[in-house]
Amino acid sequence: MTIGTTANAAARTVGASTTVLAIALANAALFAHDATAQPFPSRPVRLLIPASPGGPADIVARIVAQGYGDALGQPLVADN
């Protein structure tokens, strides 16, 4: 194999890589509109409280959950 043949093979490899990259970017641009996001959160948020029900930590967590739920505009469920 001569030097010229090696350079031609390298040029073909770079050309093929560029073509594949261009096709991938074109596909991403064409199908980008299909990936629309859902509003967050789409269902009630669960707040896990690692304490016994009715205790001080539970009471404070439920008060905080109510405030966060109002701020999010989404129900926040406090769960023990």
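Residues numbered from 1 in each chain as written. Predicted model: local features only at pLDDT ≥ 70, side-chain atom pairs only at ≥ 80, totals over all residues. Heavy atoms only, no water.

Visitor: Tell me about the environment of Asn80, residues and numbers included.
Guide: In this fold, Asn80 is placed in the segment after strand E2 (76-79). Overall, Asn80 belongs to the partly exposed group, its relative accessible area being 37%. Considering only alpha carbons, one finds Asn80 and Ser52, 28 residues apart in sequence, at a separation of 6.7 Å. Here Asn80 is in contact with Ile49, Ala51, Ser52, Pro53, Asp58 and Arg62, once residues within four sequence places are set aside. (Helix = DSSP H or I, 4+ residues; strand = E, 2+ residues; numbered from the N terminus. Buried < 20%, exposed > 50% of the residue type's maximum accessible area, 1.4 Å probe, protein only. Contact = heavy atoms within 4.5 Å.)

Visitor: I'd like a rundown of a nonpolar patch on the surface, residues and numbers included.
Guide: A cluster of nonpolar residues, Val60, Val64 and Tyr68, forms a patch on the protein surface that exposes about 300 Å² of accessible area. On the secondary structure map, Val60 appears in helix H2 (residues 56-72). (Patch = residues over 30% accessible without salt bridge, like charges linked within 9 Å, V, L, I, M, F, W, Y side chains within 5 Å. Areas by Shrake-Rupley, 256 points an atom, 1.4 Å probe, with all protein chains shown as cover. Salt bridge = Lys/Arg side-chain N within 4 Å of Asp/Glu carboxyl O.)

Visitor: Now, about the side chain of Asp58: what can you tell me, with residues and values included?
Guide: Considering the arrangement of structural elements, one finds Asp58 in helix H2. Taking the relative accessible area as the measure of exposure, Asp58 reaches 5% and is therefore buried. The residues touching Asp58, leaving out its near neighbours within four places in the chain, are Ile49, Ser52, Pro53 and Asn80.

Visitor: For H2, give the residues involved together with the corresponding values.
Guide: Helix length check: H2 (17 residues) gives 24 Å between terminal C-alpha atoms against 24 Å at 1.5 Å per residue, within 8%. Buried residues in H2 make contact with strand E1 (45-48) and E2. A positive backbone phi angle near 75° is found at Gly73, which sits one or two residues after H2. (Expected span 1.5 Å × (residues − 1).)

Visitor: How would you explain the pairing of E1 if you had to name every residue and give the values?
Guide: Examined bridge by bridge, E1 and E2 share four bridges and lie parallel to one another. In the sheet register, Leu48 faces E2, and the bridge partner there is Asp79. Each parallel crossover has a hand, and for E1 linked through H2 to E2 it is right-handed. (Pairing = 2+ DSSP bridges. Right-handed = clockwise from strand over helix to strand, strands pointing away.)

Visitor: Which residues make up the pattern of salt bridges, and what are the values?
Guide: Applying the stated rule across the entire model yields two salt bridges. The closest approach of N and O atoms between Arg46 and Asp79, which form a salt bridge, is 3.0 Å. In this pair, Arg46 is assigned in strand E1 and Asp79 in strand E2, connecting sequence segments 33 residues apart. In this structure, Arg62 engages Asp58 in a salt bridge whose closest nitrogen and oxygen atoms are separated by 3.0 Å. Highlighted residues: Arg62 and Asp58, both in helix H2, separated by four residues, approximately one helical turn. Under the relative-accessibility criterion, Arg62 is labelled partly exposed at 38%.

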